[in-house]
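For reference, the chains in residue letters:
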Amino acid sequence: MKNNLIMRIKIIALIVFIFASAGAWVYTALYEIPRKKCEAKGAWWSNEYRICRAPVYLPTITGRPAGEGREIHWPTEQAPTVNNSAPGAKAPVIEKEAATQ
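This write-up is about the structure you can find in this document. Bear in mind the structure is a predicted one, so any value in this text is a computation, not a measurement. (Residues numbered from 1 in each chain as written. Predicted model: local features only at pLDDT ≥ 70, side-chain atom pairs only at ≥ 80, totals over all residues. Heavy atoms only, no water.)

### So, the overall build of the chain
Across its full length, the chain holds three helices and two strands. For the chain, the N- to C-terminal ordering of α and β elements is α-β-β-α-α. Per-residue burial over the chain gives 4% buried out of 101 residues. Counting every atom, the chain has about 9800 Å² of accessible surface; 61% of that belongs to carbon and sulfur. (Helix = DSSP H or I, 4+ residues; strand = E, 2+ residues; numbered from the N terminus. Buried < 20%, exposed > 50% of the residue type's maximum accessible area, 1.4 Å probe, protein only. Areas by Shrake-Rupley, 256 points an atom, 1.4 Å probe, with all protein chains shown as cover.)

Written out as structure tokens, the structure reads:
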């Protein structure tokens, strides 16, 4: 009876060890190896989506020269509504004030 109990405990421990080892190998294959390859190329790894993306230089997206701040200094207060030359921008609607009574 005692030998039978010890044998069951050995088998249970062996099965737990096999599943833990397999889990570690799967995690390494799915997350760690791709992350290390991605970071070696100089890109960014996303654990949530498991994708590797290269960083994009911000002036490439915005079209601003390098080093220019993101604040826009308009010459007048009405300039943002009068002269909007952004691509795809619609003409501004400027309502005229009603005549004073």
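### Topic: the pattern of salt bridges
Counting across every chain of the model gives two salt bridges. Notably, a salt bridge pairs Arg35 with Glu32, separated by 2.6 Å at the nearest N-O pair. One end of the pair is Arg35 and the other is Glu32, both in helix 1 (residues 2-40) and three residues apart, which spans about a single turn. Residue classification places Arg35 among the partly exposed positions, given a relative accessible area of 21%. Close ionic contact of Glu39 with Arg35 constitutes a salt bridge, the shortest N to O distance being 3.1 Å. Taken as a pair, Glu39 and Arg35 lie in helix 1 at a separation of four residues, close to a single helical turn. (Salt bridge = Lys/Arg side-chain N within 4 Å of Asp/Glu carboxyl O.)

### Re the packing of aromatic side chains
Applying the stated criterion to the full structure yields one aromatic pair. Across from the ring centre of Tyr31, 5.5 Å away, lies the NZ or CZ of Arg50, which sits over that ring. (Phe/Tyr/Trp six-rings, centres within 6.5 Å; stacked < 30°, edge-to-face > 60°. Lys NZ or Arg CZ within 6 Å of the ring centre and 35° of its normal.)

### Focus: the environment of Lys37
For Lys37, the position within the fold is in helix 1. For the pair Lys37 and Cys52, spaced 15 residues apart in sequence, the C-alpha separation works out to 9.1 Å.

### Here's the deal with a nonpolar patch on the surface
Together, Met7, Ile11, Ile15 and Phe19 give the surface a local cluster of nonpolar side chains, amounting to about 420 Å² of exposed area. Looking at the secondary structure, you find Phe19 in helix 1. (Patch = residues over 30% accessible without salt bridge, like charges linked within 9 Å, V, L, I, M, F, W, Y side chains within 5 Å.)

### A closer look at unusual backbone geometry
One non-glycine residue, Arg50, lies in positive phi territory at about 55°. Position of Arg50 relative to the elements: it lies in the loop between strand 1 (44-46) and strand 2 (51-53).

### Section: the state of the cysteines
For the coordinates displayed, the defined rule picks out one disulfide. A sulfur-sulfur distance of 2.0 Å marks the disulfide that ties Cys38 to Cys52. Of note, the bridge from Cys38 to Cys52 carries an S-S torsion of about 85° and is right-handed in sense. In this pair, Cys38 sits in helix 1 while Cys52 sits in strand 2, placing the two residues 14 residues apart along the sequence. Cys52 gets classed as partly exposed once you look at its relative accessible area, which sits at 27%. (Disulfide = S-S within 2.5 Å.)

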